[in-house]
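What follows is the residue order along each chain.
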Amino acid sequence: MTSAILPTYARYQLAFDRGEGAWLITASGDKYLDFGGGIAVASLGYNHPHLVDALIQQAQKLWHTSNLFQIPLGETFARRLVDATFADNVFFTNSGAEALELTIKMARKWNSANGAPERFHIITFEGAFHGRTLATIAAGGNAKYLDGFGPKMPGFDQVPFGDLEAVKAAIGPQTGAILVEPIQGEGGIRVGAPEFIRGLRALCDEHKLLLCFDEVQCGMGRTGKFFAYERYGVAPDILASAKGIGGGFPLGAVLSTAEAGKGMGLGTHGTTYGGNPLAMACGNAVLDILLAPGFLDDVARKGLLLRQSLAGLAAEHPDVIAEIRGEGLMQGIKLRVPNADFASAARAEKLIVIPAADNVVRIIPPLIVSEDEIREGVRRLGAACAHFEVAATPKGKLGADS
Ligand SMILES: *Cc1c(COP(=O)(O)O)cnc(C)c1O
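In this text the structure is predicted, and so the values were computed from the model without any measurement.

**Details of the nonpolar core**
Line of reasoning, step 1. Core analysis: the largest hydrophobic core is formed by 93 residues, its most contacted members being Phe125, Val167 and Phe342.
Line of reasoning, step 2. Val167 has contacts with Ile123, Phe125, Val159, Ile178, Phe196, Leu200 and Leu203, leaving out every residue within four places of it along the chain.
Line of reasoning, step 3. Ranked by size, the runner-up nonpolar core spans 22 residues in total, among them Leu100, Phe156, Ala177 and Ile238.

**Some details on the sheet that holds strand β16 (residues 354-356)**
Line of reasoning, step 1. Strand order in the open sheet formed by 4 strands is β13-β14-β17-β16, with antiparallel pairing between adjacent strands. Edge positions in the open sheet fall to β13 (321-327) and β16, since each of these has one partner strand only. Ignoring strand direction, the axes of neighbouring strands in this sheet form an average angle of 30 degrees.
Line of reasoning, step 2. Across 4 bridges, the pairing between strand β14 (residues 330-335) and strand β17 (residues 360-363) is antiparallel.

**Points about the site of the ligand**
Line of reasoning, step 1. Taken together, Ser95, Gly96, Ala97, Phe129, His130, Gly131, Glu181, Asp214, Val216, Gln217 and Lys243 make up all the residues around the ligand.
Line of reasoning, step 2. Note that a nitrogen atom of the ligand is positioned 3.1 Å from one of the backbone N or O atoms of Phe129.
Line of reasoning, step 3. At 2.6 Å from an oxygen atom of the ligand is found a side-chain nitrogen or oxygen belonging to Lys243.
Line of reasoning, step 4. Within the complex, 81% of the 380 Å² of free accessible area of the ligand lies under protein.
Line of reasoning, step 5. Residue composition of the shell around the ligand, by class: 3 nonpolar, 5 polar and 3 charged.

**A word on helix α3 (residues 72-84)**
Line of reasoning, step 1. Along its 13 residues, α3 runs 19 Å from first to last C-alpha, staying within 8% of the 18 Å computed at 1.5 Å per residue.
Line of reasoning, step 2. Those residues of α3 that are buried are in contact with β4 (89-93) and α10 (277-290).

**Thoughts on unusual backbone geometry**
Line of reasoning, step 1. Its identity is not glycine, yet Asn47 carries a phi of approximately 60 degrees, on the positive side.
Line of reasoning, step 2. By the element assignment, Asn47 lies in the loop between α1 (37-40) and α2 (49-59).
Line of reasoning, step 3. Unlike most non-glycine residues, Asn359 shows phi in positive territory, near 55 degrees.
Line of reasoning, step 4. Mapped onto the elements, Asn359 comes out in the loop between β16 and β17.
Line of reasoning, step 5. Classification of Asn359 by relative accessible area gives partly exposed; the value is 25%.

**Side note on α2**
Line of reasoning, step 1. For α2, every residue scored as buried is listed here: Leu51, Ala54 and Gln58. The buried side chains of α2 occupy one side of the element, clustering within an arc of 65 degrees when seen end-on.
Line of reasoning, step 2. Of the surrounding secondary structure, the elements contacted by the buried residues of α2 are α3 and α10.

**Notes on the pairing of strand β3 (residues 31-34)**
Line of reasoning, step 1. Bridge count between strand β2 (residues 23-25) and β3: 3 bridges; the pairing is antiparallel. Counted as the bridge partner of Leu24 is Tyr32 from β3.
Line of reasoning, step 2. Examined bridge by bridge, β3 and strand β15 (residues 351-352) share 2 bridges and lie parallel to one another. Considered in β15, the bridge of Asp34 is made with Ile352.

Criteria and thresholds
Residues numbered from 1 in each chain as written. Predicted model: local features only at pLDDT ≥ 70, side-chain atom pairs only at ≥ 80, totals over all residues. Heavy atoms only, no water. Core = buried A, V, L, I, M, F, W, Y, C linked by side-chain atoms within 4.5 Å. Buried < 20%, exposed > 50% of the residue type's maximum accessible area, 1.4 Å probe, protein only. Contact = heavy atoms within 4.5 Å. Pairing = 2+ DSSP bridges. Helix = DSSP H or I, 4+ residues; strand = E, 2+ residues; numbered from the N terminus. Axes fitted to C-alpha atoms, helices over the stretch in contact; angles between N-to-C directions. Near = heavy atom within 4 Å. Polar contact = N/O pair within 3.5 Å; in protein donor to acceptor, adjacent residues only side chain to side chain. Areas by Shrake-Rupley, 256 points an atom, 1.4 Å probe, with all protein chains shown as cover. Nonpolar A, V, L, I, M, F, W, Y, C, P; charged D, E, K, R; others polar. Expected span 1.5 Å × (residues − 1). Arc of directions from axis to C-beta.

Quick look at the structure:
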């Protein structure tokens, strides 16, 4: 039967019925090891008892009241985020794109509040992904995502990722902010170099620009730090979070300093669902686990194991794997074979990996993945590599060797 859903997605012929830890299970009982985590969303894996309990408890009390009322769980959650980060305040959204929309609005408003409304331009980077709304496709600059949707929203000046000189050259009288993923996700797990990210901070300070980090994918423990900016020793003025923050419940957040948020007074922004009690119950439950003593250190340790295992894999399969790159449990395998074919070979080995740009597959498992599961996943990646090596071996050579 044809699908009644608007055909914007190229879906695999695969559906899951339930999940357990780092595993996804079909209705017929086939178990897949999930190195994709629903695209870095299922930070605590599937069916985590603490998260399930928090959601059920809240579901039996109250789902939604609107932002006309106090939401105590949201106050708690925001306070905890502020206490754990550079930020002074938080706004809750339902998605990453909405968090980026507010990031963009806030940056523009700050400049306007400073008497410089003409400084609405934001410098962004090639290979970036910030979401699929009209503003965020303009910020991302991917021609494929912009095509046919009318005039591109003005105010985004894109330069090559990692190129500080290009950033300097792009700063003009209309520039008000810089927006960057410290580690590009969809762009192919491209890690911003420390001198680049610190250089952006210095340029922002020098030119009175806001530094905005999109940590929708690389934040919330993914790199072994609560947020990736901690790795660089510099803090942004505004940070967009989503994906892992709700553990699978739709949730995003914008964290900002009091200074960056100073233009966002009463009535300047709003949302119906954002920060509703169900989302806040899940967010708090995710934080309970993520910020428990030792959890992030454990993620960092497992990230090292993953990285080392992948490096070993690359050495064994030089004709399939070109490069391993990433931080913590956010690793990319740059391939010499088509990444979609590789992801499909991995699925044949009952392992989920996620394609990204630059012919990369992303390894972004739930943060609760165990060391044994990492070893097992890497073994399955090796089996996926073998699909291509067997296919590439001339028939005569197999015969001659045996
Ligand atoms: C996924 C993603 C977004 C968009 O999030 P949605 O929830 O899909 O709107 C924005 N930025 C980055 C870095 C992302 O990975």
